[in-house]
Amino acid sequence: MKKKTIPPQIKEQVDETVQRFNQEYIRSPDCYYTAACRGNYLYLHRYSFGREGPICRLKYTGRMDDWEFAIINTVQRGTILTNGFSPVWDLSTELSKAR
């Protein structure tokens, strides 16, 4: 059985959305978000003054406007939390609204 992956056109939309978010809301060359796709998951990372850290994992559900959201607990690196609030919510909301 073929493994599910995020389609190339969705990856492109995600990259454009993340870049736009960085330009409109972050506005700093020293702080920015990046997205990496693996399988049907999108991993969002934040770079801040030379340090990088994972922020959240979004699961592609087949639609650009409907992602499952999980916060990555940075205290216990790599632990996925499925409930909670994070400032990155604005970005995941932007991804959900992107068309």
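Higher on the page you've got the structure.
Residues numbered from 1 in each chain as written. Predicted model: local features only at pLDDT ≥ 70, side-chain atom pairs only at ≥ 80, totals over all residues. Heavy atoms only, no water.

A tally of regular secondary structure across the protein gives 2 helices and 5 strands. Listed by position from the N terminus, the elements making up the protein come as α-β-β-β-β-β-α. Scored against the burial criterion, the 99 residues of the protein give a buried share of 36%. For the protein, the share of sequence-separated contacts (at least 6 apart) that also reach a separation of at least 24 residues comes to 36%. As displayed, the protein offers around 6,600 Å² of accessible surface, 48% of which is attributable to carbon and sulfur atoms. (Helix = DSSP H or I, 4+ residues; strand = E, 2+ residues; numbered from the N terminus. Buried < 20%, exposed > 50% of the residue type's maximum accessible area, 1.4 Å probe, protein only. Contact = heavy atoms within 4.5 Å. Areas by Shrake-Rupley, 256 points an atom, 1.4 Å probe, with all protein chains shown as cover.)

Moving on, we come to the pairing of strand S2 (residues 41-48). One ladder, built from 8 bridges, connects strand S1 (residues 31-38) with S2; its direction is antiparallel. In the sheet register, Arg 38 faces S2, and the bridge partner there is Tyr 41. Two successive antiparallel strands, S2 and strand S3 (residues 51-63), enclose a turn made up of 2 residues, where Phe 49 displays a positive phi of approximately 50°. (Pairing = 2+ DSSP bridges.)

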